[in-house]
Amino acid sequence: GEQVEQLPSILRVQEGSSASINCTYENSASNYFPWYKQEPGENPKLIIDIRSNMERKQTQGLIVLLDKKAKRFSLHITDTQPGDSAMYFCAAHRPNAYKVIFGKGTHLHVLP
Amino acid sequence: EAAVTQSPRNKVAVTGGKVTLSCNQTNNHNNMYWYRQDTGHGLRLIHYSYGAGSTEKGDIPDGYKASRPSQENFSLILELATPSQTSVYFCASGDATDSGNTLYFGEGSRLIVV
């Protein structure tokens, strides 16, 4: 299987709180898990990624966790700000594969 | 930073007409991709290419053709456009390695078929 499931599809949080997005993948050979952020009217851009030799990675208010046994990975945004309002896509990739499998996206709304 | 440029950025086409969306990348990436983005469906892969002269079908290739005449250029062709092809189209480039495949997206082409 090659599906990536992403939940929730819509997420509303209060400014200053944290937001979490969860993804599961089917192919146990996947070893690279990027996260893309797409602001309104713009293109998706990579914001953070994690490889299968890691369980946790953190950068600039973003934390990604990877549970290979459960085939699950997640993005956590701490202290959300209005600028975090956007569409977020998770993806999974197998070594040397041409295709990148995307989740369907999460629309994050940070409420003032 | 990686550069992927698309043209046209906006297009209105008539049903049954031919539409060509062009993409150019200056990253020297081997792989190029065409996605369409629709509400509720995320990014769906139409065609991709792993080098000049190659085109491969993605997950939703029906009604679309692709052409990769050079490393830098990858076109998406709608021979007979239909209203259901109204969407935002993104081109992307990347290099698949054993440690990952970061994609760099163009700015998108908004197509309306009337």
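Above this text is the structure in question.
Since this is a predicted model, take the numbers as computed values, not measurements.

Participant: Just to check I follow, could you spell out the interface of chain B and chain A for this structure?
Facilitator: One frequently used descriptor of interface size is the decrease in accessible area upon assembly of the parts. Counting from both sides, the interface comprises 24 residues of chain B and, opposite them, 20 residues of chain A. Of the roughly 1900 Å² buried between chain B and chain A on both sides combined, carbon and sulfur atoms contribute 55%. Summed over the shared surface of chain B and chain A, the number is 1 salt bridge. Taking the shortest distance from any N to any O, the salt bridge between Lys 99 of chain A and Asp 59 of chain B comes out at 2.9 Å.

Participant: It is not clear to me how the side chain of His 93 of chain A should be interpreted in this structure. Could you clarify?
Facilitator: With respect to the helices, strands and loops of the structure, His 93 of chain A is situated in the loop between strand E9 (86-92) and strand E10 (101-102). The exposure class of His 93 of chain A is buried, given its relative accessible area of 1%. Within polar-contact distance, the side chain of His 93 of chain A engages the backbone oxygen of Ala 97 of chain A at 2.7 Å. Those residues in contact with His 93 of chain A, other than ones at most four positions away along the chain, are Ser 30, Asn 31, Tyr 32, Lys 99 and Val 100 of chain A together with Ala 96, Thr 97, Gly 100 and Asn 101 of chain B.

Participant: Help me out: how do you make sense of the nonpolar core in this one?
Facilitator: Generally speaking, a soluble globular protein has its nonpolar side chains buried in company with each other. Ranked by internal contacts, the top residues of the largest apolar core, which has 24 residues, are Trp 35, Phe 73, Leu 75 and Leu 108 of chain A. Counting residues per element, the ones that place at least two in this core are strand E2 (10-14), strand E3 (19-25), strand E4 (32-38), strand E5 (45-51), strand E7 (62-67), strand E8 (72-77), E9 and strand E11 (106-111) of chain A. Counting 18 residues, the second largest nonpolar core, distinct from the first, contains Ala 13, Trp 34, Leu 76 and Ala 81 of chain B.

Participant: Even after reading the chapter, I still don't get the pairing of strand E1 (residues 4-7) of chain B, so can you show me in this structure?
Facilitator: For a regular strand, the rule is simple: side chains alternate between the two faces of the sheet. Residue and element names in this part refer to chain B. Of the two faces of E1, only one is covered, namely that formed by Val 4 and Gln 6; the face formed by Thr 5 and Ser 7 stays uncovered. Judged from the 4 bridges that link them, E1 and strand E3 (residues 19-25) form a sheet pairing that is antiparallel. Each bridged residue has a counterpart across the sheet, and for Ser 7 the counterpart in E3 is Ser 22.

Participant: I tried to follow the sheet that holds E3 of chain A on my own but got confused; where do I start?
Facilitator: Paired through their backbone hydrogen bonds, the strands of a sheet run either parallel or antiparallel. All names here are of chain A. Spatial ordering of the open sheet is given by E1-E3-E8-E7-E6, a layout of 5 strands whose pairing is antiparallel. Unpaired on one side and paired on the other, strand E1 (4-7) and strand E6 (56-59) mark the two borders of the sheet. The mean inter-strand angle of the sheet, taken between neighbouring strand axes irrespective of direction, is 15 degrees. In the sheet, E3 pairs with E8 via 6 bridges, with the strands oriented antiparallel. Within E8, the residue paired with Ala 19 across the bridge is Ile 77.

Participant: Sorry if this is basic, but what is going on with unusual backbone geometry here?
Facilitator: Excluding glycine, residues mostly have negative phi values, and the peptide bonds linking residues are mostly trans. A cis geometry characterises the amide bond from Leu 7 of chain A onward to Pro 8 of chain A, with omega recorded as -5 degrees. By the secondary structure assignment, Pro 8 of chain A is in the loop between E1 and E2. In this chain, Ser 7 of chain B is followed by Pro 8 of chain B through a cis amide linkage whose omega measures -5 degrees. Secondary-structure assignment places Pro 8 of chain B in the loop between E1 and strand E2 (10-13). Even without glycine at this site, Gln 60 of chain A takes up a positive phi of about 45 degrees. Within the secondary structure layout, Gln 60 of chain A lies in the loop between E6 and E7.

Participant: What am I meant to see in the state of the cysteines here?
Facilitator: Any covalent bond linking the sulfur atoms of two cysteines counts as a disulfide. Enumeration according to the criterion identifies 2 disulfides over all chains in this entry. What pairs with Cys 23 of chain A in a disulfide is Cys 90 of chain A, and their sulfur atoms sit 2.0 Å apart. The disulfide joining Cys 23 of chain A to Cys 90 of chain A has a torsion of about -105 degrees about its S-S bond and is therefore left-handed. Here the residue Cys 23 of chain A occupies a position in strand E3, and Cys 90 of chain A occupies one in strand E9, the gap between them amounting to 67 residues. Like Cys 23 of chain A, the residue Cys 90 of chain A is buried in the burial classification. Note on cysteine connectivity: Cys 23 of chain B is disulfide-linked to Cys 91 of chain B, with sulfurs 1.9 Å apart. Sign of the S-S torsion, about -80 degrees for the bond between Cys 23 of chain B and Cys 91 of chain B, identifies this disulfide as left-handed. With a gap of 68 residues between them, Cys 23 of chain B in strand E3 and Cys 91 of chain B in strand E9 (residues 87-94) connect regions that are remote in the sequence. Here Cys 23 of chain B matches Cys 91 of chain B in class, with each residue buried.

Participant: What should I look at first to understand the packing of aromatic side chains in this one?
Facilitator: Within a pair of aromatic rings, the relevant descriptors are the distance that separates the centres and the angle that separates the planes. Within this structure, the stated rule accounts for 16 aromatic pairs over all chains. Relative to Phe 73 of chain A, the ring of Trp 35 of chain A has its centre 5.6 Å away and its plane inclined at 65 degrees; by these criteria the two rings are edge-to-face. Separated by 38 residues along the polypeptide, Trp 35 of chain A in strand E4 and Phe 73 of chain A in strand E8 bring together distant segments of the chain. Each member of the pair, Trp 35 of chain A as well as Phe 73 of chain A, carries the same accessibility label: buried. Consider the rings of Tyr 98 of chain A and Tyr 48 of chain B, whose centres lie 6.3 Å apart with planes at 35 degrees: the pair is tilted. Of the two residues, Tyr 98 of chain A is situated in the loop between E9 and E10 and Tyr 48 of chain B in strand E5 (residues 42-49); the pairing between them involves two chains. The exposure class assigned to Tyr 98 of chain A is partly exposed, which follows from its relative accessible area of 35%. For Tyr 48 of chain B, a relative accessible area of 11% puts it in the buried group.

About the thresholds
- Residues numbered from 1 in each chain as written.
- Chains lettered and ligands numbered in written order.
- Predicted model: local features only at pLDDT ≥ 70, side-chain atom pairs only at ≥ 80, totals over all residues.
- Heavy atoms only, no water.
- Contact = heavy atoms within 4.5 Å.
- Buried area = accessible area lost by both parts, 1.4 Å probe.
- Salt bridge = Lys/Arg side-chain N within 4 Å of Asp/Glu carboxyl O.
- Helix = DSSP H or I, 4+ residues; strand = E, 2+ residues; numbered from the N terminus.
- Buried < 20%, exposed > 50% of the residue type's maximum accessible area, 1.4 Å probe, protein only.
- Polar contact = N/O pair within 3.5 Å; in protein donor to acceptor, adjacent residues only side chain to side chain.
- Core = buried A, V, L, I, M, F, W, Y, C linked by side-chain atoms within 4.5 Å.
- Pairing = 2+ DSSP bridges.
- Axes fitted to C-alpha atoms, helices over the stretch in contact; angles between N-to-C directions.
- Disulfide = S-S within 2.5 Å.
- Phe/Tyr/Trp six-rings, centres within 6.5 Å; stacked < 30°, edge-to-face > 60°.

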